[in-house]
Amino acid sequence: MPAGPLPPVAVVSGGGTGIGRATAGALAADGMDVVIVGRRADVLRAAADEANHGRPSGSGKVSWVRADVSDPAEVTEAAEVIRQRHPAVDAVVSNAGGSVPAGTDLPSLATAWMECYRKNVLTAVLLTSALLPMMRRPGGRVIIVGSRVAITGGASPPYDAAKAALNGWVLSLATQLGPEGITANVVAPGYTAGTELLTGRMPAERHNRIVAGIAAGRAAQPSEIAAVIRFLASEEASFVSGQVLGVDGGSLPVG
């Protein structure tokens with residue numbers, strides 16, 4: 001009996017926790033084979049095992065590749081592993097990121113600004129660039145997880161600016177890849193519960209102040225961000241490109 005068509009493939013960085021983990025589960029539920037990428041093998045293995053346990057019929061499989069996606073050599077190796085497993089990639093979701101505390105002296109400022117750029121911008125650029133030769137044409141999807149603070153501010157200047165850089169880059173990417181049938185978009189979450197960026201780091205007073213500035217009156221759940229990524233990765237989103245889609249519950253700038 002001839003083999004059936006191969007399932008579509010998505011690669012999700014930062015896929016072991018938070019928004020990335022929820023995204024991997026959502027895309028697998030749609031029948032995609034998902035490769036999650038990150039720095040910690042134990043976290044990735046646990047996320048993949050959970051996603052694959054009792055997998056319903058018709059859902060895709062979640063596998064993992066360990067790599068620091070800010071390191072060009074490790075990204076190159078990860079892309080080669082993915083290429084050996086899959087003939088093509090249908091969607092790349094760059095979710096890896098993070099913030100760095102900044103001091104007031106110039107050396108501390110320089111470190112914080114460069115590290116925020118490396119964690120949030122370089123990670124997305126390197127992974128996307130490494131996988132572009134494998135992306136399906138037409139039909140490929142580049143989805144970058146940015147942040148509402150790129151527009152409103154409110155986190156830290158280095159982090160806000162790094163996330164804003166992603167918006168400009170995706171506009172250029174959409175223009176470059178549009179003729180090839182590949183879309184590129186940013187999903188910009190607002191305040192989201194259950195992410196490593198915030199867990200254990202948010203004083204109650206600041207949490208209450210942020211929530212007070214959200215029309216929905218609460219933080220987002222990772223699954224709600226994943227739902228928008230899921231749409232952008234679908235065939236129905238073929239005419240959505242070069243956009244920054246806010247998923248913030250109707251947020252207003254807060255200090």
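Our subject is the structure that appears above.
Residues numbered from 1 in each chain as written. Predicted model: local features only at pLDDT ≥ 70, side-chain atom pairs only at ≥ 80, totals over all residues. Heavy atoms only, no water.

1. Concerning the overall build of the protein
Here's step 1: Across its full length, the protein carries eight helices and seven strands.
Here's step 2: Computed over its C-alpha atoms, the radius of gyration of the protein comes to 18 Å, within 12% of the 18 Å expected for a compact globule of 255 residues.
Here's step 3: Projected onto its principal axes, the C-alpha positions of the protein cover 65 × 40 × 35 Å.
Here's step 4: When each of the 255 residues of the protein is scored for burial, the buried share is 47%. (Helix = DSSP H or I, 4+ residues; strand = E, 2+ residues; numbered from the N terminus. Rg over C-alpha atoms; globule rule 2.2 N^0.38 Å. Buried < 20%, exposed > 50% of the residue type's maximum accessible area, 1.4 Å probe, protein only.)

2. Side note on the side chain of asparagine 52
Here's step 1: By secondary structure assignment, the location of asparagine 52 is in helix H2 (residues 41-52).
Here's step 2: Engagement of the side chain of asparagine 52 in a polar contact is seen with the backbone oxygen of valine 62, the distance being 2.7 Å.
Here's step 3: Not counting residues up to four positions away in its chain, the partners in contact with asparagine 52 are Gly60, Lys61 and Val62. (Polar contact = N/O pair within 3.5 Å; in protein donor to acceptor, adjacent residues only side chain to side chain. Contact = heavy atoms within 4.5 Å.)

3. Describing the sheet that holds strand S7 (residues 244-247)
Here's step 1: Strand order in the open sheet made by the seven strands is S3-S2-S1-S4-S5-S6-S7, with parallel pairing throughout. Two strands close off the open sheet at either side, each with one partner strand: strand S3 (62-66) and S7. Across the sheet, the mean angle from the axis of one strand to that of its neighbour is 20°, orientation sign disregarded.
Here's step 2: One ladder, built from five bridges, connects strand S2 (residues 33-38) with S3; its direction is parallel. Opposite valine 37, over in S3, you have valine 65 as the bridge partner.
Here's step 3: Lying over the sheet, helix H3 (residues 72-85) contacts strand S1 (9-13), S2 and S3, oriented at roughly 150° with respect to S3. (Pairing = 2+ DSSP bridges. Axes fitted to C-alpha atoms, helices over the stretch in contact; angles between N-to-C directions.)

4. Points about the pairing of S2
Here's step 1: For S2, a buried count of six out of six residues is recorded, marking the element as mostly surrounded by other parts of the structure.
Here's step 2: Neither face of S2 is open: one carries Asp33, Val35 and Val37, the other Val34, Ile36 and Gly38, and all of them are buried.
Here's step 3: Both S1 and S2 contribute to a ladder of five bridges, which runs parallel. Its bridge partner lying in S2, alanine 10 is registered against valine 34.
Here's step 4: Taken together, S1, helix H1 (residues 18-29) and S2 constitute a β-α-β crossover, and its handedness is right-handed. (Right-handed = clockwise from strand over helix to strand, strands pointing away.)

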